[in-house]
Every structure is written in structure tokens, then in C-alpha cells.
Amino acid sequence: MRLAVLSDVHGNLVALEAALADLDAVGEVDMTWMLGDLAAFGSRPAECVRRLRALAEERGKERFRIIGGNTDRYLVTGERFRQPPVSDEETFAKLADTRRTTDAVLNWNLEQLNWDDYQYLAEILGKEVQLNVPGYGTVIGYHAIPGDDEAMLRPDTPNEVAADAVLDREGRLGIGGHTHLQMDRHVLDWRLVNVGSVGLSFDMPGRAQWGLFTFEDGIGYVELRAVPYDVDAAVRDLDESGHPAAEWMAGRLRS
């Protein structure tokens, strides 16, 4: 059995198409999961939502599942990032401008969606996915951690904190996104994997990241993939789409 997992497209249609082409190139998979953050921040929020919806409808719920992430929630509810108080005056001096830019981008992203897009994002919020693999066990999928679409589970998260994140779930393999950093680590009886970000990787800028999971004879094999995409085309698309902070977003795509 083979499971493909993508996450964190962030409205980057160029990167999404590269990831989907790579997925097609590896051959048939039994199930595909998309773990949230479909639309926010990039130049083509509506197009990414519709592309993924079309794939899910074409392949059916038994083969393609989509859940929402924290930035999908921001578009639906108007909420914004949880942030602790800043710790220095220099950061404070930039705080209002940073929040103003973020608000402008998210509001513009919302304007690109139609009513059907918006309703769809609302429907997928707060979801998790689960797969019972014969001979292997239970695999769960979530955006950040189970029950919280904004918590951080990173490669350097202490083991005891990572263990707490899945304390009230049963399973063997947990798969998430959100941090935009690929990860594969063992914590107690769990293997915890982060597939990275399709459209806004932090550890591999210019690459569309995703994960391929193969289950054979009771063993789970993890392949974290990262395919190059045309960053220059993605940056040009920011200008062509009328993105309100094209230079700001271009910097995040490149570094």
C-alpha cells in the first residue's frame, strides 16, 4: 500500500503543479492526503483550492482526503497568528507594519475566493484523517498536531513535548505539516513525520516538498521528497496576480 501526503500549498500554484507532477511520476498510490493551508499568502489562492477539490472529486473520498490548516481558518474566521509578546524594542518597532502587511495579504487572498471556495474551506477546518493499514497499524494525519492546527512540532521539539502532542491518540505513525520543515523522528512508540511545505518550504526554498509512504510486510517506509519548481515563474505570478505585497512574498519564496 502507498500513501502520498502533501501539505502547506499556500496559494503557490506553480509549486503545487510541480508536486503533483512528481506524484504522478512515482506511479499509482492508494491514498492521497492534503493536510491543510491550501490558499493563504500566495498569488493563486482560489486556483489552488479548486485544483485540489477537483482531484478529490475525481478520485473520491476513499482515495483523496483534504483537511484544513490554521491559515485556512484565518481566511474563514478572520483570526490571525497567535503570538507571544515580542521580547525586544527593535522587533516591537516593526510589529505594526508586519501585522499590517499580513492583514493586507490575507484580506486580498479572501477577495480572490468565491462563495463556494469559502464554504469549502469552512467545511474542512478542524479535521484529522486516519488510515488503518493491514499488517502495520494506524496512521493518523493532522495539520500541526492532533487537536491543534497551530502548535509547533519541530525537529528540535523535546521528546517529552512531542510525546504529549499525540498522548490522546492511538496509532503508530503520525504525519503533519505546518512548520514547513521536513522531519522524521521516533518518539516512544510513535514515528512522527513532517512532509514539509509544497509552496513555502523553510528548509528547502525553491522545492515543493511532500511525502510518500509505502507499507509492505508490516513495515512502513518513508520517502520525503523535494522537487524543484520554477521560483522565477512563481515570483512573476505575484506581480501578474496583483498581489498586494509581491516583494514581501517573493522574499519568502526565495529564502
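In short, a report on the structure. (Residues numbered from 1 in each chain as written. Predicted model: local features only at pLDDT ≥ 70, side-chain atom pairs only at ≥ 80, totals over all residues. Heavy atoms only, no water.)

### Examining the pairing of strand E7 (residues 183–187)
Reasoning step 1: Of the two faces of E7, the one lined by Met 183, Arg 185 and Val 187 is fully buried and the one lined by Asp 184 and His 186 carries no buried residue.
Reasoning step 2: Here E7 runs beside strand E8 (residues 190–194); their pairing, made up of five bridges, is antiparallel. When the bridges of E8 are listed, His 186 appears paired with Arg 191. (Buried < 20%, exposed > 50% of the residue type's maximum accessible area, 1.4 Å probe, protein only. Helix = DSSP H or I, 4+ residues; strand = E, 2+ residues; numbered from the N terminus. Pairing = 2+ DSSP bridges.)

### Some thoughts on the side chain of Asp 149
Reasoning step 1: Along the chain, the position of Asp 149 falls in the loop between strand E5 (137–141) and helix H6 (159–165).
Reasoning step 2: Reaching out from Asp 149, the side chain makes a polar contact with the side chain of Arg 73 at a distance of 2.7 Å.
Reasoning step 3: Not counting chain neighbours up to four residues away, the residues in contact with Asp 149 comprise Gly 69, Asn 70, Arg 73, His 143, Ala 144 and His 178. (Polar contact = N/O pair within 3.5 Å; in protein donor to acceptor, adjacent residues only side chain to side chain. Contact = heavy atoms within 4.5 Å.)

### Describing helix H1 (residues 13–25)
Reasoning step 1: Over its 13 residues, H1 runs 18 Å from end to end, which matches the ideal 18 Å to within 8%, given 1.5 Å per residue.
Reasoning step 2: Within H1, burial applies to Ala 15, Leu 16, Ala 18, Ala 19, Leu 20, Asp 22 and Leu 23.
Reasoning step 3: Elements that come into contact with the buried residues of H1 comprise strand E1 (2–6), strand E2 (31–34), helix H2 (45–59), strand E9 (207–216) and strand E10 (219–228).
Reasoning step 4: Residue Asn 12 occupies the N-cap position of H1, its side-chain oxygen lying 3.4 Å from the main-chain nitrogen of Val 14. (Expected span 1.5 Å × (residues − 1).)

### Some words on the side chain of Arg 2
Reasoning step 1: Inspection of the secondary structure assignment puts Arg 2 in strand E1.
Reasoning step 2: Notably, Arg 2 is buried but unbridged: the nearest opposite-charge side chain belongs to Asp 30, and the N-O separation is 6.0 Å.
Reasoning step 3: Within the local environment of Arg 2, its side chain forms a polar contact with the backbone oxygen of Val 26, the two atoms lying 2.7 Å apart.
Reasoning step 4: At a separation of 3.4 Å, a polar atom in the side chain of Arg 2 contacts the main-chain carbonyl oxygen of Gly 27.
Reasoning step 5: The residues touching Arg 2, leaving out its near neighbours within four places in the chain, are Val 26, Gly 27, Glu 28, Val 29, Asp 30, Met 31, Leu 212, Phe 213 and Thr 214. (Lys, Arg positive; Asp, Glu negative; His and termini not counted. Salt bridge = Lys/Arg side-chain N within 4 Å of Asp/Glu carboxyl O.)

### Here we look at the pairing of E5
Reasoning step 1: The element E5 is extensively covered by neighbouring structure, given that four of its five residues are classed as buried.
Reasoning step 2: Bridge count for strand E4 (residues 129–133) against E5 is five bridges, and the pairing is antiparallel. Residue pairing for E5: Asn 132 is matched across the bridge by Thr 138.
Reasoning step 3: A loop of three residues connects E4 with E5, the two strands running antiparallel in sequence, and Gly 135 in this loop sits at a positive phi of about 85 degrees.
Reasoning step 4: The parallel pair E5 and strand E6 (residues 173–176) is bridged by H6, and the resulting crossover is right-handed. (Right-handed = clockwise from strand over helix to strand, strands pointing away.)

### A closer look at the packing of aromatic side chains
Reasoning step 1: Under the definition given, this model contains five aromatic pairs.
Reasoning step 2: Measuring from centroid to centroid gives 5.0 Å for Tyr 74 and Phe 81, while their planes differ by 75 degrees, and the two rings are edge-to-face.
Reasoning step 3: Ring centres of Trp 115 and Tyr 118 lie 5.9 Å apart, and the angle between their planes is 15 degrees; on these two criteria the pair is classed as stacked. Highlighted residues: Trp 115 and Tyr 118, both in helix H5 (residues 115–124), separated by three residues, approximately one helical turn. (Phe/Tyr/Trp six-rings, centres within 6.5 Å; stacked < 30°, edge-to-face > 60°.)

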